[in-house]
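Residues per chain, in single letters:
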Amino acid sequence: MEEKGTEKGVAAMAACYQRFDPAAYLQYNYTPPRADFERKDSIMPWKLACLHRAFTEGDVNGELLVDIGSGPTLYQVLSGCEVFNKVLLTDFLEVNRQELRGWLQDEGSSSLDWTPYLQHVCKLEGRGASAWTEKAAKLRQVIMDVVPVDVHRPQPLALDDIPSAGADCLVSCFCLESASPDLAAFNRALGHIGRLLRPGGHLLLIGALGESYYFGGPGVKIPVVPLNEAQVCAGLKENGYILIRLEVYILPQDMRVGVDDVSGVFFAKARKE
Ligand SMILES: Nc1ncnc2c1ncn2[C@@H]1O[C@@H](CSCCNC[C@@H]2Cc3ccc([N+](=O)[O-])cc3CN2)[C@@H](O)[C@H]1O
């Protein structure tokens, strides 16, 4: 019965995503106030600082970084692209993979101008904002492909997408809790992606706390598994990860803009045993 329920729940989530609108989603979450680089308390500078520190504090290394559930966004690999010489982007939806390919092939054809993001991360790296064009070139050089992923499959990627030894690092932002029908499915998905990671490899996980829905486009209301910190920590432990650090951002009132009911954002750095 439980398996039947899960299959039905996973199929229902997939149906919700058929109306996902990348351009609208980017507008809702990746423009001010949630992405305001002039505001110290904006969410995006906090996320980029967490990722910059995690990628550059010396314990994360290797060849291949895989981003699980990239969506239509690139911010999650702006620091990692300086550490890994191979980066694989993945998403469940062709519309998101197309959005990413659009930027990779030609700046002009993406729905969002990523320049402020590139400039901000260059500043975090002490390079000055003007190095953003070099970072854009680096990104285009190291991103090998944009491929399909389904975190509910025991093998979320096609077998030939990554080496049998596994990736050296995974990053995943706002995907698992938004793709899963319930907490059990979230925990199983955490296990499925863990199998893509080599022992000793790192997982950098960003997600929503206390979110029960979000709009993936006008009128496209998508259910989310509402998580708290304890459930995130338990899920990581249950799936063979050692938690290195958990950081939490609580949304100020003016970041609650009606596109979801998220109350906080977590950043977890963990290592696979
Ligand atoms: N089975 C699947 N396997 C893998 N990926 C899948 C699957 N199903 C859907 N997907 C994939 O997962 C999706 C990822 S986008 C999900 C958005 N998550 C919620 C949204 C995000 C957000 C962003 C920023 C802030 N903030 O405070 O700044 C808050 C929030 C909270 N609301 C989408 O790419 C879909 O394509």
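Whatever comes next refers back to the structure up there.
Residues numbered from 1 in each chain as written. Predicted model: local features only at pLDDT ≥ 70, side-chain atom pairs only at ≥ 80, totals over all residues. Heavy atoms only, no water.

A. Layout of helix H4 (residues 94–105). Its twelve residues place the ends of H4 16 Å apart at the C-alpha level, agreeing with the 16 Å of an ideal helix rising 1.5 Å per residue. Those residues of H4 lying buried are Asn96, Arg97, Glu99, Leu100, Gly102, Trp103 and Leu104. In the core, the buried residues of H4 are packed alongside helix H2 (22–29), strand S2 (86–91), helix H5 (115–124), helix H6 (132–142) and strand S3 (143–148). (Helix = DSSP H or I, 4+ residues; strand = E, 2+ residues; numbered from the N terminus. Expected span 1.5 Å × (residues − 1). Buried < 20%, exposed > 50% of the residue type's maximum accessible area, 1.4 Å probe, protein only. Contact = heavy atoms within 4.5 Å.)

B. Just the site of the ligand, in detail. Neighbouring the ligand are 24 residues; Asp91, Asp150, Val151, Ser178 and Glu211 lie closest to it. Take Phe174: an N or O atom from its main chain is 3.2 Å from a nitrogen atom of the ligand. One nitrogen or oxygen atom from the side chain of Ser178 is found 2.8 Å from a nitrogen atom belonging to the ligand. Protein coverage of the free-state accessible area of the ligand, which is 750 Å², stands at 99%. For the shell around the ligand, the secondary-structure elements that each account for two or more residues are H2, helix H3 (43–56) and helix H7 (176–179). (Near = heavy atom within 4 Å. Polar contact = N/O pair within 3.5 Å; in protein donor to acceptor, adjacent residues only side chain to side chain. Areas by Shrake-Rupley, 256 points an atom, 1.4 Å probe, with all protein chains shown as cover.)

C. Quick look at the nonpolar core. Among the nonpolar cores identified, the biggest contains 57 residues, and Tyr30, Tyr75, Trp114 and Tyr117 are the most heavily contacted of them. The element best represented in this core is H3, accounting for eight residues. Apart from residues no more than four positions distant in its own chain, Tyr75 is found in contact with Tyr30, Met44, Lys47, Leu48, Leu51, Trp114, Tyr117, Cys173 and Phe174. (Core = buried A, V, L, I, M, F, W, Y, C linked by side-chain atoms within 4.5 Å.)

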